[in-house]
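Here are the chains, one letter per residue:
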Amino acid sequence: QVQLVESGGGLVQPGGSLRLSCAASGITFSVYDMSWYRQAPGKERELVAKITSFGVSTNYADSVKDRFTISRDDAKNTVYLQMNSLKPEDTAVYYCNAYANLAWNYWGQGTQVTVSS
């Protein structure tokens, strides 16, 4: 059974930081591209950051470049999203995604991030 479990969300003031984690089980983690998506109320889900299998490359949405960093620890089957200089517009539910082989596509349950003073 595949499970992706996100953690680390919460309430933070503008300019603050959070680190999200996504622990995977039931998959050969290292071969999966891992991504973080987010969905704000009334908006479509959008890609925030992606790290390819074995950590070969990363890419980011323009809105988070130079503020967010995605990383992975294949020994721990975990992907991280370090979020710095948070803004109110970063408020959303953040989802972890695992994707491989054009057909293996899994989602976590999401974790809420709220940026507000």
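Details of the structure are given in the entry above.
### Digging into the nonpolar core
In step 1: Within the largest apolar cluster, 30 residues are counted, with the highest numbers of intra-cluster contacts made by Met-34, Trp-36, Val-79, Leu-81, Met-83 and Tyr-94.
In step 2: For this core, the elements supplying multiple residues, two or more each, are strand S3 (18-25), strand S4 (33-39), strand S5 (46-51), strand S7 (68-73), strand S8 (78-83), strand S9 (92-100) and strand S11 (111-115).
In step 3: Among the elements that line this core, the one with the most residues is S9, at 5 residues.
In step 4: Non-local contacts of Tyr-94, meaning those with residues more than four positions away in its chain, are made with Glu-6, Leu-20, Trp-36, Tyr-37, Arg-38, Val-48, Phe-68, Leu-81, Met-83, Gly-110, Thr-111 and Val-113.

### What to know about the state of the cysteines
In step 1: Applying the stated criterion to the full structure yields 1 disulfide.
In step 2: The disulfide bridge from Cys-22 ends at Cys-96, spanning 2.1 Å between sulfur atoms. Its torsion about the S-S bond being -80°, the disulfide of Cys-22 and Cys-96 is classed as left-handed. Taken together, the positions of Cys-22 in strand S3 and Cys-96 in strand S9 put the pair 74 residues apart, joining distant regions of the chain. The pair Cys-22 / Cys-96 is uniform in exposure class, with both members buried.

### Digging into the pattern of salt bridges
Opposite charge on two side chains permits them to pair, given that their charged atoms come into close proximity.
In step 1: Summed over the entire model, instances satisfying the criterion amount to 6 salt bridges.
In step 2: Residue Asp-62 is joined to Lys-65 by a salt bridge in which the shortest nitrogen-to-oxygen separation is 3.2 Å.
In step 3: Residue Asp-62 is classed as exposed on the basis of its relative accessible area, which comes to 66%.
In step 4: A relative accessible area of 43% places Lys-65 in the partly exposed class.

Criteria and thresholds
- Residues numbered from 1 in each chain as written.
- Predicted model: local features only at pLDDT ≥ 70, side-chain atom pairs only at ≥ 80, totals over all residues.
- Heavy atoms only, no water.
- Core = buried A, V, L, I, M, F, W, Y, C linked by side-chain atoms within 4.5 Å.
- Buried < 20%, exposed > 50% of the residue type's maximum accessible area, 1.4 Å probe, protein only.
- Helix = DSSP H or I, 4+ residues; strand = E, 2+ residues; numbered from the N terminus.
- Contact = heavy atoms within 4.5 Å.
- Disulfide = S-S within 2.5 Å.
- Salt bridge = Lys/Arg side-chain N within 4 Å of Asp/Glu carboxyl O.

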